[in-house]
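Coordinate analysis (summary)
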Amino acid sequence: MSNSSHGLRDLSILNIISSILGNYFIRKILVGLVTIWVVITVTFFIMRLAPGGPFTGERQLDPAVLANLRHSYGLDLPLWKQYAMYMLNLLHGDLGPSLKDTTFTVKELLGIGLPNSILLGLLALANALIFGVSIGTLAALHHNGWQDYTVMFIAIVGIICPSFVLAPLLTLVFGVNWGILPVAGFGSHSPEHWLYFFSPEYQHGSHWWSFMIPTIPKESILWAFDKHLILPVISLSLPVIAMLARLTRGSMIEVMNANYIRTARAKGLSERRIIVKHALKGALLPVVSVLGPLIAGITTGSVVIEKIYNISGVGRYFVDGALNRDYTLVLGTVVLYSALLISLNTIVDITYGYIDPRIKK
Amino acid sequence: MNENENNNILLDVKNLTTTFSTQEGNVAAVNDLSFQIKAGETLGVVGESGSGKSQLFMSILGLLANNGKAEGSVKYKGKEILNQKKTLEEIRGDRLSMIFQDSMTSLNPFVKISDQLTEVLMVHRGISYNDALNEAINMLDMVSIPRAKTRVHRYPHEFSGGMRQRVMIAMSLICKPDLLIADEPTTALDVTVQAQILDIIDNLKKELNMAVVMITHDLGVVARVAENVMVMYGGRAIEKGTVDEIFYTPSHPYTAGLLASMPRLDDDSNKALYTIQGSPPNLQNLPVGCAFSPRCEYVMDQCKTSVPPLECFDVNRHRACFLDNYQDLIENINRGQ
Ligand SMILES: Nc1ncnc2c1ncn2[C@@H]1O[C@H](COP(=O)(O)OP(=O)(O)O)[C@@H](O)[C@H]1O
Ligand SMILES: [Mg+2]
């Protein structure tokens with residue numbers, strides 16, 4: 001008797017758990033957290049597999065000094081212990097000190113780099129979306145016209161020419177040959193602005209999420225219009241523009257031939273209204289659905305671009321950190337990147353469901 | 001008298017020719033076709049699939065695909081509208097409306113029914129959204145969509161095929177047009193739903209006092225709703241007349257063949273249905289003479305060299321055929337079986 005009621009209660013707890021797991025958002029967040037954990041773990045051990053360490057340099061260090069250094073960073077502990085300690089600290093939001101750049105913690109470095117990287121990424125993304133979608137639409141509306149052929153030519157060039165090829169080319173032409181645009185150094189001249197976010201006067205009395213509110217210090221309002229960014233943004237976005245232009249063109253051509261566009265015409269709507277009110281939404285669905293991979297592409301692309309143009313961003317810290325075996329810095333950038341990409345992907349999924357009423361539950 | 005007649009003419013189509021340019025050559029979809037539609041008339045347009053029925057009316061409304069070109073003259077209430085982009089934009093959906101066969105795909109899946117209906121009124125009448133919405137709900141009531149007040153705010157995918165066709169009808173009639181062109185509106189639907197849709201069109205036609213063009217390959221549909229019939233073959237009109245005339249005394253061998261190949265409820269002999277021999281004409285390479293001549297049992301030398309013109313031979317009856325003795329076409333077919 002008591003046994004069966006016990007069993008029933010278990011069942012109802014199971015039900016609650018499964019209904020919580022059944023919730024779309026909670027499931028997404030759980031999957032995201034597990035993914036981040038897997039990525040961190042893999043990165044942690046792969047880094048240690050690489051030969052050398054943070055303190056191997058041109059000049060051989062005195063063995064005693066080296067042992068001291070390793071001890072002070074806990075690198076002499078067994079690997080599993082280091083891993084456990086790192087994960088424990090991470091849970092408290094502590095990313096540790098940078099092993100190489102001893103004046104900064106990893107968090108501070110990311111605090112300097114993230115705004116620069118986000119600005120670069122957002123500008124590239126906006127650039128890509130605006131130009132990619134509009135020239136793709138233009139090409140579709142003039143299907144087989146000269147506009148179409150021009151756009152497709154640009155698109156093919158953009159696709160066969162990745163940003164790590166494009167960047168040196170642009171640098172050569174605009175920076176070296178013509179000398180009209182700076183080729184390096186965005187953000188590195190004034191990192192102090194970003195340290196402001198971590199300063200006591202900023203953090204005092206503000207919430208932990210304050211950094212998400214765009215409270216850009218006044219003196220750096222012009223920061224976003226820095227001409228140091230022109231070449232990096234172009235190099236980063238051109239391949240994406242090409243990809244988006246092709247995608248938009250294809251889906252726009254398809255949509256403009258759809259029966260419901262014929263209906264819109266039969267209703268006597270103007271061509272403008274037909275495109276804006278009836279065609280664009282359907283034509284942009286494929287664009288929205290590639291937004292996740294696209295953002296990931298821009299993010300990984302920015303790693304190379306930041307390195308080439310010497311921008312103090314997360315991507316450059318990642319590359320430098322990996323080259324210098326700055327374990328904590330690399331792990332910090334990986335944590336940041338994976339959290340960023342996973343949350344953006346989730347947002348994209350939700351947006352998609354919002355645009356296409358047929359898949360809304 | 002004559003003046004009065006002219007005033008009654010809604011649509012006056014003269015020598016309409018529509019060609020599509022394709023990689024394989026030009027497709028002659030409509031060939032030198034002329035006809036008129038009077039106010040309040042119901043005209044059935046019949047012919048095999050591919051005979052140019054849809055493209056004829058697409059040309060009139062300026063809805064041709066980019067590779068299509070229409071020539072000739074189409075006058076709406078005396079005003080030239082063929083290829084007149086601006087004029088057509090004003091009268092499409094307002095004075096002349098069209099609904100299509102593919103009810104599942106004719107509504108925009110991304111836009112609420114309410115927005116799709118109201119925008120027609122807002123664009124053509126310039127009225128407010130709220131007024132337009134009331135009218136939209138009225139129209140949905142008129143096409144018998146249950147709970148129109150709430151369902152107007154749904155998306156198309158929440159409606160069945162028959163319901164979507166009702167929405168299309170409501171949308172095309174919301175401005176109370178002079179003419180509704182219904183292009184095989186029931187072909188894609190269940191038989192029972194077909195009957196409902198035809199009833200709805202029939203009732204609204206009376207209520208709104210509009211003319212209707214019913215395009216179909218189904219003679220049953222024509223018999224049910226139309227007063228007059230135009231039979232098309234190879235992009236030409238080959239016969240015109242009232243429903244009774246066409247059904248009882250067809251004057252063209254093709255029409256007679258169509259009728260004989262239609263299953264009849266009043267015929268209990270278990271005879272196999274008649275089929276017209278041969279295949280529909282190749283529109284990229286029409287015969288020099290009558291397009292039907294390669295399939296015609298009564299073909300004469302004359303038919304192979306010149307196209308028979310569509311001529312009036314009785315009050316409002318027209319035929320395009322050189323055959324003089326057409327009175328017993330149907331009997332001849334039945335006897336031959
Ligand atoms: N965009 C196009 N390009 C080439 N040919 C076309 C095009 N649209 C229609 N046609 C051709 O025009 C002919 C008439 O088509 P249609 O009017 O749709 O026939 P139906 O009588 O079945 O409605 C068909 O042979 C079709 O293949
Ligand atoms: Mg058709």
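**Comments concerning the overall build of chain A**
Across its full length, chain A carries 15 helices and 0 strands. Here chain A holds 361 residues, and the buried ones make up 31% of them. Contacts in chain A between residues at least 24 apart in sequence constitute 77% of all its contacts with a sequence separation of at least 6.

**Focus on the packing of helix H2 (residues 24-49) of chain A against helix H15 (residues 327-355) of chain A**
All names here are of chain A. One can describe the packing of H2 onto H15 by two numbers: an axis separation of 10 Å at closest approach and a directional angle of 155°. Here H2 lies roughly antiparallel to H15, going by the angle between them. Crossing of H2 against H15: the hand is right-handed. Where H2 approaches H15, its residues Lys-28, Gly-32, Thr-35, Ile-36, Val-39, Ile-40, Thr-43, Phe-44 and Met-47 are matched on the opposing element by Tyr-327, Val-330, Leu-331, Val-334, Val-335, Ser-338, Ala-339, Ile-342 and Thr-346. Here the residues of the contact of H2 with H15 are counted per class, giving 12 nonpolar, 5 polar and 1 charged.

**Points about the sheet that holds strand S8 (residues 211-216) of chain B**
Residues and elements named next belong to chain B. Taken together, 8 strands build an open sheet; the order of strands is S6-S7-S8-S3-S9-S10-S12-S11 and the sheet is mixed. In the strand order of this sheet, the two ends are held by strand S6 (96-99) and strand S11 (311-314), each with one partner. Going across the sheet, the axis of each strand differs from the next one's by a mean of 25°, ignoring polarity. In the sheet, strand S7 (residues 179-183) pairs with S8 via 5 bridges, with the strands oriented parallel. Each residue of the ladder has a partner; that of Leu-179, found in S8, is Ala-211.

**Focus: the site of ligand 1**
All names here are of chain B. Around ligand 1, a shell composed of 16 residues is seen, among which Phe-20, Lys-53, Ser-54, Gln-55 and Ala-65 lie nearest. Ranked by residues supplied to the shell around ligand 1, first place goes to helix H2 (residues 53-61) with 3 residues. Here the shell around ligand 1 is built from residues that sort into 5 nonpolar, 10 polar and 1 charged.

**Focus on the confidence of the model for chain B**
Per-residue confidence for chain B gives a mean pLDDT of 91; residues scoring 70 or more make up 95%. The ipTM for the predicted assembly is 0.90, set against a pTM of 0.80.

Procedures and definitions
Residues numbered from 1 in each chain as written. Chains lettered and ligands numbered in written order. Predicted model: local features only at pLDDT ≥ 70, side-chain atom pairs only at ≥ 80, totals over all residues. Helix = DSSP H or I, 4+ residues; strand = E, 2+ residues; numbered from the N terminus. Buried ≥ 20, exposed ≤ 12 C-beta atoms within 10 Å, placed from the backbone. Contact = placed C-beta atoms within 7 Å. Axes fitted to C-alpha atoms, helices over the stretch in contact; angles between N-to-C directions. Parallel < 35°, antiparallel > 145°, perpendicular 65-115°, else oblique. Left-handed = near helix turned anticlockwise from the far one by under 90°. Nonpolar A, V, L, I, M, F, W, Y, C, P; charged D, E, K, R; others polar. Pairing = 2+ DSSP bridges. Near = placed C-beta within 6 Å. pLDDT = per-residue confidence, 0-100.

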